[in-house]
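# A structural walkthrough
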Amino acid sequence: MDKKISDLKKKIEVLNTTTDGIIGLQKKYEREIQEIAVAQASVTLETRILDTKMGLVQKQFEKLCPGVKPEDMPKAMEQMKQTVDKLQAELAEKTSTDRDNAQELLEIMRQLKENDEMPVKAKEKLDQMRAELAVVNKEKDNLKVEIEEKKRKLKKATEKKAAKMQEMEKRSESNRIKKQMLKDRIAKRQFSQRMARNNLMHERNIYRRVPDFTQLAIKFPEFLKVCSLDLNGTAHVDFKNPDTLRILTKCLLKQDFQLDVEIPPGKLVPTLPLRLNYILWIEDIMEKMGIAEPVGMDIGCGASCVYPLLAAKWKGWQMFGTDITDEIAKSARENVSRNQLEEKIHIIQQEEDAPIFTEVLQNRESLHFCMCNPPFFDDTTTSPENRTGRRAAPRNAPTGNSTELACSGGEVAFIERILEESIKVSDRVSIFTTMIGIKHDLGVLVKKLRHKGITNYIETHFCQGNTTRWGLAWTFREDLLLRRVQCINPSLSDSNRKSVNFSLSNTSEESVRFIIEKLKRIFRDLEAAIEVLEESTSRVDWIVRAHTNTWSHQRRKRRQMLQNEPSATTSPERKKIRLDDKPILVAEVFLTPRDNQVKLELMYLNGELGRDGIHQVLQYIINNWRRTDQKTPVRTEEQNEEDLETISKQELGS
């Protein structure tokens, strides 16, 4: 019995111990449940904080994205990506903590399940914790959904920005292509304009085509040092540098004309295209004179002596060069000697006030021509006045010293001095020519020629890029009509022409021959002598000379005929041509059949009546074209040939 009682006491003690353990375990579970509740509240709070942060991030993103520039977009995208990664890391950390809590809770549940004697309160608390855990999981799922949605929106915004950047890149590429096309178009237009200016050069000028500066730099190392090369290896010339111009001119003379020319620093650097234009123009005049090897004179040859050197080496002419400065004359002789042209070129140093032609004509009986590139400016100026303000700036740098560029009175006074002396040596120098640097001075000098009674002259102009110079030539020889020389610029010769078209009933040779004979009758009626240069049914070329004005006052003459005045009814004797008379009008007549018309052109060549006389004669032909069939007193073929022979003898004698 006592044993049973002791066993029962032991069981009660064990039961009490177990109960205390259960109570202690219950308290432990209660504490853990409280900790879980606190953790759950903390998770809820942190979840809300994350929501708030995500909202702030979204607002910040919406604020930043519209103002983000294309070049800053990658940086903004990187910042957004870092923010999302941070949120994902925080979410992963909270998820790991919740997972650990859930594992611990499952372990507790497993232990409680093994002890069926767990109190009801613990079960209720467990159910509550399960419910709270389900809410946390739901919120966590919602947070994941929101994060995925924000990721999707961020990806969509990124793709949209990338598309915009691609569109902007396409537009930028399109604009770049358009700019390049515009640059190419401008370059092409500039090249066309430059080539158009080059086309105004003489047709035989080799510099109508721009020299290849790259090949020139390869051939001449000294030119390579002063030119610049781009990435393509193309050479470019700085035309504003006087030393570069000097070396360029020296290399071009060596390459194109085999001339070794030394141009002293500080002296005038000749522009070769203008010099060639001048020489070729004189060559055209010499061809009209029928002179193959002319003898010429360069007034003021300069240190380079470029005109005599080119004329002797290139054309084989005999040349005299004059200058007033000892230093320049010495340099010119050295250039002549360096090229072994002493037999063809003679350099003479003159006194400043000495006659221009006297010393040269002491060594030579006569000259075929003289040429001159005078100092353009007066002592008080070194550049021409830009009256309109539209003149383009010179492309080349100015070169030369004051002696070469300026003189007292400028080029007008210098050329007027040549004009005065040309009258004295008119029988020993055939053609007088000069270059003119200022357009206004050309008109002044033409007036001075006409004031001296010189009507046999011709004008032209020489072009090189933006630079234009003018040429003026005159002669006292009646057998050489300078206006028959083809001008470099056709518009200058066109101003001397007047034309009219006559209709043809058919284009047969008989119809053209009828018009030719009809036109002859009109000129014979005007007492004009006809010199036939060419006459066929395809082209007519005559020289017509009139010594008296028989075409003016035609109405008065017709009234006299109608009034039966004796001087009008009878066939009067025509006024005889005096041998000492100069023609008052010399014109060249062109007759060209074309389609069903014949074009009649009259070009003024010489005579005191000038271009107005051509206009008057042409108007007379138009007015009297239908009257030539009437019986009017006309000169016979024999009378016309006799007059022409008389005029020819007179001109040969002069």
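Residues numbered from 1 in each chain as written. Predicted model: local features only at pLDDT ≥ 70, side-chain atom pairs only at ≥ 80, totals over all residues. Heavy atoms only, no water.

Scanning the protein chain from terminus to terminus reveals 19 helices and 16 strands. Looking at the protein chain as a whole, 40% of its 654 residues qualify as buried. Counting contacts in the protein chain only where the partners sit at least 6 residues apart, residues at least 24 apart contribute 74% of the total. About 38,500 Å² of surface is accessible on the protein chain, with carbon and sulfur atoms providing 50% of the total. (Helix = DSSP H or I, 4+ residues; strand = E, 2+ residues; numbered from the N terminus. Buried < 20%, exposed > 50% of the residue type's maximum accessible area, 1.4 Å probe, protein only. Contact = heavy atoms within 4.5 Å. Areas by Shrake-Rupley, 256 points an atom, 1.4 Å probe, with all protein chains shown as cover.)

To continue, consider the sheet that holds strand β3 (residues 295-299). Strands sit in the order β5-β4-β3-β6-β9-β11-β10 across an open sheet of 7 strands; the sheet is mixed. On the outer flanks of this sheet lie β5 (345-349) and β10 (457-464), each paired with one strand and no other. For this sheet, the mean inter-axis angle between neighbouring strands, taken without regard to orientation, is 20°. Sitting on the sheet, helix α12 (residues 410-424) is in contact with β3, β6 (367-372), β9 (429-436) and β11 (467-475), with an inclination near 175° to β9. (Pairing = 2+ DSSP bridges. Axes fitted to C-alpha atoms, helices over the stretch in contact; angles between N-to-C directions.)

With 8 of 10 residues buried, strand β16 (residues 597-606) is to be regarded as a mostly interior element. Inspection of the sheet shows strand β15 (residues 585-594) paired to β16 by 9 bridges, in the antiparallel sense. Each bridged residue has a counterpart across the sheet, and for Val589 the counterpart in β16 is Leu602.

Enumeration according to the criterion identifies 12 aromatic pairs in this entry. Ring centres of Phe213 and Phe239 lie 6.3 Å apart, and the angle between their planes is 65°; on these two criteria the pair is classed as edge-to-face. With Phe213 in helix α4 (residues 213-219) and Phe239 in the loop between β2 (235-236) and α6 (242-257), this pair connects stretches of sequence that are 26 residues apart. The burial state of Phe213 is the same as that of Phe239; both residues are buried. Taken together, a centroid distance of 5.8 Å and an interplanar angle of 15° make the contact between Phe432 and Trp474 stacked. Here Trp474 lies in strand β11 and Phe432 lies in strand β9, a separation of 42 residues in the sequence. What makes Phe432 buried here is its relative accessible area of 0%. Site record: aromatic cluster; members linked through ring pairs are Tyr278, Trp281, Tyr307 and Phe462. In this arrangement the basic side chain of Lys315 is found over the ring face of Trp314, its NZ or CZ atom lying 4.0 Å from the centre. (Phe/Tyr/Trp six-rings, centres within 6.5 Å; stacked < 30°, edge-to-face > 60°. Lys NZ or Arg CZ within 6 Å of the ring centre and 35° of its normal.)

Scanning all chains against the criterion turns up 19 salt bridges. Taking the shortest distance from any N to any O, the salt bridge between Arg171 and Glu167 comes out at 3.7 Å. Linking Arg171 with Glu167, this pair stays in helix α3 (residues 120-198), spanning 4 residues, or about one helical turn. Residue Arg171 is classed as exposed on the basis of its relative accessible area, which comes to 54%. (Salt bridge = Lys/Arg side-chain N within 4 Å of Asp/Glu carboxyl O.)

On to the packing of α12 against helix α13 (residues 439-451), then. Interaxial distance between α12 and α13 falls to 10 Å at its minimum, and their mutual angle equals 25°. Here α12 is positioned roughly parallel relative to α13, judged by the angle of their axes. Helix-helix and strand crossings are classified by hand; for α12 and α13 the assignment is right-handed. Contact with α12, carried on its side by Glu411, Val412, Ile415, Glu416 and Leu419, involves Asp441, Val444, Leu445, Lys448 and Leu449 of α13 and no other residues of that element. Broken down by class, the residue content of the contact of α12 with α13 amounts to 6 nonpolar, no polar and 4 charged. (Parallel < 35°, antiparallel > 145°, perpendicular 65-115°, else oblique. Left-handed = near helix turned anticlockwise from the far one by under 90°. Nonpolar A, V, L, I, M, F, W, Y, C, P; charged D, E, K, R; others polar.)

Attention now goes to the nonpolar core. Of all hydrophobic cores here, the largest spans 61 residues; its most connected members are Phe223, Ile285, Ile345 and Ile431. At 10 residues, the largest contribution of residues to this core is made by helix α7 (residues 272-289). Apart from the residues within four sequence positions on either side, Ile285 is in contact with Ile431, Ala473, Leu482 and Val485. (Core = buried A, V, L, I, M, F, W, Y, C linked by side-chain atoms within 4.5 Å.)

Let us look at unusual backbone geometry. Trans peptide bonds make up the majority, and among non-glycine residues the majority have a negative phi. Positive phi, normally seen in glycine, also occurs at Gln340, with a value near 55°. Checked against the element boundaries, Gln340 lands in the loop between α9 (326-338) and β5. Gln340 sits in the exposed class, given a relative accessible area of 69%. Although it is not a glycine, Glu527 adopts a positive phi angle of roughly 60°. Considering the arrangement of structural elements, one finds Glu527 in the loop between α15 (509-525) and β13 (528-535).

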